[in-house]
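Topology and contacts: notes
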Amino acid sequence: MKALVISGGGSKGAYGGGIADYLIRGKKQDYDIFVGTSAGSLLVPLLAAGEVERLKRTFTNVTQKDVFKRNPFIIKKQGKIFSTKINHFNSAKMFFKKKKTFGDSSNLRKMIERTFRKEDFNKVRSGKKEVIVTVCNLTAHQTEYKSIHDCSYDDFCDWMWISSNFVPFMSLVVKSGHEYADGGFGDYLPIHPAIDLGAKEVDAIFLRPEQLNINSMRATDPFDVLLRAFEFMLYKIGKDDIVISQLAAGKKNVQINLYHAPRVLTENAFVFDAKVMSDWWEEAYAYAEQTPPRVISDTV
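Predicted, not measured: the structure shown is a model, and the values here were computed from it.

Right, let's get into the layout of surface pockets. As a volume, the second largest pocket reaches approximately 210 Å³. If you trace the second largest pocket, you find 13 residues lining it, with Lys99, Lys100, Thr101, Ser171 and Leu172 closest to the centre. Taken together, the residues of the lining of the second largest pocket break down into five nonpolar, three polar and five charged.

So this is what it looks like as structure tokens:
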């Protein structure tokens, strides 16, 4: 069996979509298993349903309003440069409403239902493909993997949304009495679940460069500090996921083909700009077409 795994990455998911587009429509790869975290969880269900073009239209036209009902950031664009700062008004409104996060991403839940339709869900469920999304149960301190075959349509859309909710900037969701958040906090590049499901070859898309060489300006506010701390943490989690997967691959004779983003795409993955994301999709398709993956083994 063959698996496609896509990491988290916020708006950088458009780059992951471009690589997946090449693998599926350009290289004609056929996958049995699809596993995603965060942005990856928004990509893999439609990829499994064969709706690559619809996914491309959606991901290359998404806006801040498609994601946030209440955006914790003020984003300004000067030329090709984006700057962000705290939206004190929106954050204060969340505080006075006794919410636990700075932003409200319930618009993203609505977009998921518009994009990943019930007929897509039924199409995947009636076939032999497995689709898994990763979530973090903050109440139980556990990473959980939700299969499309174990959920109703509404529940699976909830898990897709939850997997993408990067707290404290996006919604903290209570489901079945537990608080849930972005799957990347527990498994940023979920290769290991694909191996556990029996995959013998895994194409894994890691939406960060192999080496994170970046020298940012000093942080400007508390949100900036949080974003940079999370960026550092998720990069390290993703690298650890690769090491763990190498060990599992060695034991089970699995080949892992790793596709990295070739550069730092953005320092704020909460900026959703249609032109930028469309350019990333096309760039990623060409990059994957011209650049072979890094084949990794059990050698750490």
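Tallying each qualifying case throughout the model produces three cavities of 30 Å³ or more. Estimated volume of the largest cavity: approximately 410 Å³. The leading source of residues in the lining of the largest cavity is helix α10 (residues 222-252), at four residues. Classifying every residue of the lining of the largest cavity by side-chain character gives 17 nonpolar, seven polar and five charged. Taken as a whole, the second largest cavity holds about 90 Å³ of empty space. Lining the second largest cavity we find Leu42, Leu46, Leu55, Thr58, Phe59, Met111, Ile112, Thr115, Phe116 and Met160. Where the lining of the second largest cavity is concerned, the elements lending two or more residues are α2 (39-48), α3 (52-59) and α6 (106-115). When its residues are assigned to classes, the lining of the second largest cavity shows eight nonpolar, two polar and no charged.

With that out of the way, let us pick up the packing of α6 against helix α8 (residues 153-163). The N-to-C vectors of α6 and α8 enclose an angle of 130°; their axes lie 9 Å apart at closest approach. Considered as vectors, α6 and α8 are oriented oblique to each other. Seen from above, α6 lies across α8 with right-handed handedness. Between α6, through Ser106, Leu108, Arg109, Ile112 and Glu113, and α8, the contact on the second element is made entirely by Tyr153, Asp154, Cys157, Asp158, Met160 and Trp161. Counted by class, the contact of α6 with α8 contains six nonpolar, one polar and four charged residues.

The next thing to look at is the state of the cysteines. Disulfide: a covalent bond formed between the sulfur atoms of two cysteine residues. Under the criterion given, the structure shown has zero disulfides. Here Cys136 stays unpaired: no disulfide links it, and the sulfur of Cys151, its closest cysteine neighbor, is 16 Å away. You can see Cys151 has no disulfide; the closest cysteine sulfur is in Cys157, sitting 10.0 Å from it. With relative accessibility at 9%, the residue Cys151 sits in the buried group.

Calculation rules
- Residues numbered from 1 in each chain as written.
- Predicted model: local features only at pLDDT ≥ 70, side-chain atom pairs only at ≥ 80, totals over all residues.
- Heavy atoms only, no water.
- 1 Å grid on protein atoms, 1.4 Å probe; cavity = no way out; pocket = protein on both sides within 12 Å on 5 of 7 lines; lining within 4 Å.
- Points joined across faces, edges and corners; volume = space filled by probe spheres on them.
- Nonpolar A, V, L, I, M, F, W, Y, C, P; charged D, E, K, R; others polar.
- Helix = DSSP H or I, 4+ residues; strand = E, 2+ residues; numbered from the N terminus.
- Axes fitted to C-alpha atoms, helices over the stretch in contact; angles between N-to-C directions.
- Parallel < 35°, antiparallel > 145°, perpendicular 65-115°, else oblique.
- Left-handed = near helix turned anticlockwise from the far one by under 90°.
- Contact = heavy atoms within 4.5 Å.
- Disulfide = S-S within 2.5 Å.
- Buried < 20%, exposed > 50% of the residue type's maximum accessible area, 1.4 Å probe, protein only.

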